[in-house]
Amino acid sequence: SWSDAVAQQLAAREQPLSEPQRLGTASERVLEKTLRSTLAHSPVDRPSSGAEMAARLRLALHPEAAGLFDPGEASLRSRLTRISPWLVAGTAILLPNIAAGVFNYMYNHQEILDEQMLEGLDRIAFCVNSVAYPLAIPVMVWFAWGLARGVKSANEGTAVLPEDVSDTVNLGHRAALIGGTFWTIAGIIYPLALWWMYPDFTTTQAVHFFVSLLICGGVAMIYPFFCLAVISTMVYYPHLLRGSMQDNDFDARAQQMVRRSEAYLLIAAIIPLLGAALLISSESQSRGFMLTAIAAGVIGLLASFVAYRLVSDRWARMGEVLSSRSS
């Protein structure tokens with residue numbers, strides 16, 4: 001009867017679809033999930049629009065882009081989305097700043113030989129760090145809030161706010177600006193304070209102090225930027241968009257990310273040059289530190305170049321699916 005047929009159809013909806021044979025590729029996972037979502041009984045589980053459906057089908061045709069948006073549960077990228085974004089962002093931002101601070105402190109202890117000046121340097125360092133870190137950390141927490149909120153929404157399967165996507169993409173740049181600003185201010189405060197406290201503090205020592213802080217400020221800019229740029233490009237941005245596969249601002253974001261990467265790559269190239277300038281003009285007791293700084297700068301430049309190429313390539317791959325030009 002008609003009622004029995006309807007009952008059978010309703011009961012069939014509750015039965016799971018048969019499992020296909022799988023190869024395990026990203027394109028296969030994307031296509032299977034797309035087809036299963038179109039057959040879902042609940043409208044909430046189906047694609048919300050034809051544009052989303054088209055983007056998902058287009059993604060299945062681009063294996064490298066599919067690997068970004070659906071990396072597989074056992075992959076490193078997938079595991080990073082399950083780690084607290086506060087921990088990831090905090091590590092990427094704080095470690096370079098702490099390492100640069102320790103190096104700068106040790107270098108200037110070698111450069112300044114006067115015992116009284118060393119005592120003054122310790123007092124100034126304590127005062128500056130007591131103000132700088134308590135100010136910088138809340139600012140970074142504020143900027144990272146959108147990332148944490150967006151990752152939480154994506155993990156829960158709810159809609160991700162556009163401003164959270166923007167905060168995620170811009171986090172590396174903001175962290176670099178904050179770090180660079182604080183280091184530049186410190187580069188002015190330290191020499192002025194030592195000059196005011198000790199008339200014997202020479203102009204050469206002041207220049208060394210300022211340039212050494214500029215070098216550390218550059219390190220505090222490029223490492224957090226490229227680290228967060230790679231993580232946001234490879235992990236967080238695809239994770240936030242995998243639910244909707246829609247970003248009206250994609251082309252502007254991609255262009256901005258590539259241009260910023262080029263600018264920070266230039267900063268990374270300047271750091272070894274500043275280190276070489278200090279090495280030429282430094283006393284013999286500080287040359288070992290400057291050689292270390294130059295070596296670290298060269299390694300940082302190479303790493304920045306690799307990160308720049310990676311970021312540029314992955315945004316181009318995502319553009320095959322998300323760009324309005326390709327659509």
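Computed from a predicted model, the values in this text were never measured in an experiment.

Here is what the cut-offs are and how they apply
- Residues numbered from 1 in each chain as written.
- Predicted model: local features only at pLDDT ≥ 70, side-chain atom pairs only at ≥ 80, totals over all residues.
- Heavy atoms only, no water.
- Core = buried A, V, L, I, M, F, W, Y, C linked by side-chain atoms within 4.5 Å.
- Buried < 20%, exposed > 50% of the residue type's maximum accessible area, 1.4 Å probe, protein only.
- Helix = DSSP H or I, 4+ residues; strand = E, 2+ residues; numbered from the N terminus.
- Contact = heavy atoms within 4.5 Å.
- pLDDT = per-residue confidence, 0-100.
- 1 Å grid on protein atoms, 1.4 Å probe; cavity = no way out; pocket = protein on both sides within 12 Å on 5 of 7 lines; lining within 4 Å.
- Points joined across faces, edges and corners; volume = space filled by probe spheres on them.

### Details of the nonpolar core
In this structure, Phe69, Phe226, Tyr237 and Trp315 are the most contacted members of the largest nonpolar core, which totals 54 residues. Looking at this core, the elements with two or more residues in it are α3 (50–60), α4 (63–69), α6 (85–111), α7 (115–156), α8 (162–197), α9 (203–241), α10 (250–281) and α11 (287–322). In terms of residues, this core owes the most to one element, α9, which gives 16 residues. Residues within four places of Trp315 in sequence aside, it is in contact with Val169, Thr233, Tyr237, Phe250, Arg253, Ala254 and Met257. Counting residues in each nonpolar core, the second largest holds 18 residues, with Ala100, Met117, Ala125 and Phe209 among its members.

### Overview of the confidence of the model for the protein
For the protein, mean pLDDT is 82; residues scoring 70 or higher make up 81% of the total. The secondary structure element of the protein with the lowest average pLDDT is helix α1 (residues 2–13), at 62, and the one with the highest is α8, at 91.

### Quick notes on the layout of surface pockets
By volume, the second largest pocket amounts to about 720 Å³. Lining of the second largest pocket is provided by 36 residues; of these, Asn97, Ala132, Tyr133, Ala136 and Phe182 occupy positions nearest its centre. Of all the secondary structure elements, the ones that give two or more residues to the lining of the second largest pocket are α6, α7, α8 and α9. It is α7 that contributes the most residues to the lining of the second largest pocket, 15 residues altogether.

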